[in-house]
Amino acid sequence: MVAEDVNQEDYNFLAMKTDKCKICRRAGDKLFLKGDRCNSVKCSMIRKPYAPGQKGKRRPKPLSEYGKQLKEKQKLKNWYNLRETQFSNYVKSVLEKKSGAEDAPVKLIQLLEKRLDNVIFRLGFAASRNKARQIVSHRHILVNGRIVNISSFSVKKDDKIQIRPSSVNKPIFKDLAASLKKYVTPSWLLLKIDQFEGTVKSEPVLEEAAPPIELSSVFEFYSK
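Just so it is clear, the model here is predicted, and its values are computed rather than measured. (Residues numbered from 1 in each chain as written. Predicted model: local features only at pLDDT ≥ 70, side-chain atom pairs only at ≥ 80, totals over all residues. Heavy atoms only, no water.)

Engineer: Kindly report on the nonpolar core, identifying the contributing residues and their values.
Structural biologist: Among the nonpolar cores identified, the biggest contains 24 residues, and Leu116, Ile120, Phe125, Ile141 and Ile161 are the most heavily contacted of them. For this core, the elements supplying multiple residues, two or more each, are helix H7 (116-122), helix H8 (129-137), strand E1 (141-143), strand E3 (160-163), helix H9 (176-180) and strand E4 (189-192). Per-element accounting of this core gives the leading share, four residues, to H7. When neighbours within four sequence positions are excluded, Ile120 is seen to be in contact with Phe125, Ala126, Ala132, Val136, Ile141 and Ile161. The next biggest cluster of nonpolar side chains, apart from the first, holds 19 residues, and it includes Tyr80, Ile109, Leu215 and Tyr222. (Core = buried A, V, L, I, M, F, W, Y, C linked by side-chain atoms within 4.5 Å. Buried < 20%, exposed > 50% of the residue type's maximum accessible area, 1.4 Å probe, protein only. Helix = DSSP H or I, 4+ residues; strand = E, 2+ residues; numbered from the N terminus. Contact = heavy atoms within 4.5 Å.)

Written out as structure tokens, the structure is:
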């Protein structure tokens, strides 16, 4: 398990100070950081499809190779709602294992997808990874019958992830049952809607995660 490098109070403060729409506009890709808003006409990438700031509408200058690698790294880090130390720990752990060029992207995505906050998001229990992280930190989640409030907790095959029965009726889960009926989980997860429970069936699949990133550039950035 990769340890978190920031406590929840610090994280909440940083989340409030960060305009997530600007992160997407700066990246030039929709990173789905604000849940349902990202799928609506209110999405900033639809209303303002250019970089933030007074110079945002100007033709962007060509990026250097380092600039491209940095941009891809930032996109993947923000896609999974991580801080730099957290994210770099995952990448470096894959590089240290000397995975093959073809295996490294798969290994990295599997590590990131198996984070508990991401699993809550993938099960449809939260509209964004940011909301999923709050749900975990507020002790609403059971893993194999025990409360786990560490977002970086790594699930494994056959683990059962469930919303605490005492939390189901809280406002944060209002209308969840109805929305889950329309939701399709990734193939590596099994969802039981009536029990608000998910089971890890297998390892995550890179093609299903489908982050809009050139993963090779991420490894090149950290290999220097």
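More follows now that the structure is in view.
Engineer: Can you explain H8? Please cite residues and give values.
Structural biologist: Along H8, seven of the nine residues are buried, which leaves the element largely enclosed by surrounding structure. Turning to H8, its buried residues number three or more, namely Arg129, Asn130, Ala132, Arg133, Ile135, Val136 and Ser137. Note on H8: the residue one or two positions beyond its end, Arg139, has a positive phi of about 65°.

Engineer: Break down the sheet that holds strand E5 (residues 197-200) for me, with residues and values.
Structural biologist: Strand order in this open sheet of five strands is E2-E1-E3-E5-E4, and the pairing throughout is antiparallel. Every other strand in the sheet has two partners, leaving strand E2 (146-147) and E4 as the edge strands with one partner each. The sheet contact formed by E1 and E2 spans two bridges and is antiparallel. What sits directly across from Val143, in E2, is Arg146. (Pairing = 2+ DSSP bridges.)

Read these as geometric descriptors, not functional statements.
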